[in-house]
Amino acid sequence: MTIEETVKLARPNILTLKPYACARDEFKGQADIFLDANENSMGSVLSEAMNRYPDPLQVKLKEKIAEVKQVNPNQIFLGNGSDEAIDLLYRVFCQPGQDSVIIQPPTYGMYGVSANINDVKILEAPLTPDFQPDVEKVISLTGAYTKMIFFCSPNNPSANIMDVENVKMILTKFPGIVIIDEAYIDFSEKKSWIEELNRYPNLVVMQTFSKAWGMAGLRLGMLFAHPQIISLMNKTKPPYNVNECTQKLAFAALSNKNHKDEMVKMLLSERANLINGLSALKPVKKVYPSDANFLLVKFNDAGKMYKDLMNRSIIVRNRSSMPGCDNCLRITVGKPDENKRLIQTIKELDTK
Ligand SMILES: Cc1ncc(COP(=O)(O)O)c(C=O)c1O
């Protein structure tokens, strides 16, 4: 697929959209006095300067991210969490009431919720029993109005990476947008799809600061794609979608990447401990392999275990109702003492 063909997938009203021009778009240089944006020049009630609108295109932050991720700044879109980027992809590419998207359950819920919000038809190609894409099924579902396919790799809640060859097959065969959500990629030894961006104009890769970087509260999601896709996203987004606090704090965090790498190392070691600990417990039937910071765990009776843990003040996620996840709980890898308490609590429950 060429980039020209990819851009033509966008909604006609987005292609012709004249975006909102905010004050900071019209004048970007240095000046002494800014009386152009109806801000409060006096300051604010906070000690930190927050009285000015943030950079709409987050130029400084993107330069830093580009350095860390080895991409060009014009291949980056930043959103108020990946969730905003997911919603914008629908608004850019999918005509409500007409177009469709392929989702591969069990997977992250927002792909479906955003489709429903945007009145986009959902076509489901369930993952195989070992949680890999069913390539034939995916291809058979595609039609003239299928605009996007979502992959989640590592997948939430199954925790595994999607097979590279399967994804490649779909990337080359499907004449639409292929999104690979890599929210958990820092916990995997496998390569990011970011490296393939220059080869596939229809490839969109998403990552987030909410997981390995430990900044879920800041709300910052990254989307990497061809500069022309990024342009479409930028003209459709709300002008100041990433606030000043988030831009500043994320910039500071990126300057301290070692800290993130140390946390990931510790979480991976805790993941190994948790797998060993859980596998030895009687109520546990299976611990699935994980490339993420969580485990999918099959219990004899997940519903009862979920309630028993909750009654002891330990909250996990019951995923039993999702396809292929019968009697499964999703358990996030926590701090060492939290993981120990989880194991100890399940042991005690078992002796009752
Ligand atoms: C696969 C996946 N993508 C995206 C998100 C949300 O990311 P953000 O916090 O950046 O909106 C989650 C959150 O759980 C997730 O599991």
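### As for the sheet that holds strand 9 (residues 294-299)
- Spatial strand order, 8-9-11-10: four strands in an open sheet with antiparallel pairing. With partners counted over all chains shown, the strands left at the sheet margins are strand 8 (284-287) and strand 10 (317-318), one partner each.
- Strand contacts of helix 12 (residues 302-311): strand 9, strand 10 and strand 11 (328-332), with the helix running at about 40° to strand 11, the strand carrying the most contacts.

### Examining the site of the ligand
- Around the ligand lies a shell of 14 residues, among which Ser82, Asp181, Thr208, Ser210 and Arg219 are the nearest.
- Serine 210 places a polar side-chain atom, nitrogen or oxygen, 2.6 Å from an oxygen atom of the ligand.
- Relative to its free-state accessible area of 400 Å², the ligand is covered by the protein chains to the extent of 91%.
- Here the residues of the shell around the ligand are counted per class, giving five nonpolar, five polar and four charged.

### Observations regarding the nonpolar core
- Ile65, Leu78, Phe151, Leu203, Phe209 and Phe224 are the most contacted members of the largest nonpolar core, which totals 44 residues.
- For this core, the two domains that each supply at least three residues are domain 1 (3-255) and domain 2 (258-351).
- Dropping the residues within four chain positions of it, phenylalanine 209 is found in contact with Ile65, Gly214, Met215, Ala216, Leu220, Met222 and Leu254.
- Core analysis: the second largest hydrophobic core is formed by 32 residues, Ile14, Val92, Tyr111 and Leu223 among them.

Basis of the calculations
- For every chain, the first residue of its written sequence is number 1, and the numbers climb from 1 along that sequence.
- The predicted origin of the model limits local features to residues at a pLDDT of at least 70 and limits the giving and counting of side-chain atom pairs to 80 or more, whereas totals for whole chains, interfaces and linings rest on all residues.
- Excluding hydrogens and water, the side-chain figures rest on all heavy atoms present in the structure.
- DSSP calls a pair of strands paired once it identifies at least 2 bridges connecting them.
- Helix and strand definitions follow DSSP, with helices as H or I runs of at least four residues and strands as E runs of at least two, each counted in order from the N terminus.
- Contacts were defined at the residue level, with two residues in contact if any of their heavy atoms lie within 4.5 Å.
- Whenever a helix is involved, its axis is fitted only over the stretch in contact; in every case the axis is a line through C-alpha atoms, and angles between N-to-C directions fall within 0 to 180 degrees.
- A single heavy atom is enough: if one lies within 4 Å of a molecule or strand, its residue is considered near that molecule or strand.
- Counted as a polar contact is a pair of N or O atoms within 3.5 Å, where, for protein atoms, one must be capable of donating a hydrogen and the other of accepting one, and residues adjacent in sequence contribute only when both atoms are in side chains.
- The protein chains shown are the only cover counted for residues, whose accessible areas, like all others here, come from Shrake-Rupley with a 1.4 Å probe.
- Under the scheme applied here, ten amino acids are nonpolar (Ala, Val, Leu, Ile, Met, Phe, Trp, Tyr, Cys and Pro), four are charged (Asp, Glu, Lys and Arg), and all others, including Gly, are polar.
- Only buried residues count toward a nonpolar core, which is a set of Ala, Val, Leu, Ile, Met, Phe, Trp, Tyr and Cys residues joined through side-chain atoms within 4.5 Å.
- Think of it in three bands: with a 1.4 Å probe and only protein chains considered, a residue is buried below 20% of the maximum accessible area for its type, exposed above 50%, and partly exposed in between.
- Residue ranges for the domains originate in an automatic or database domain assignment.

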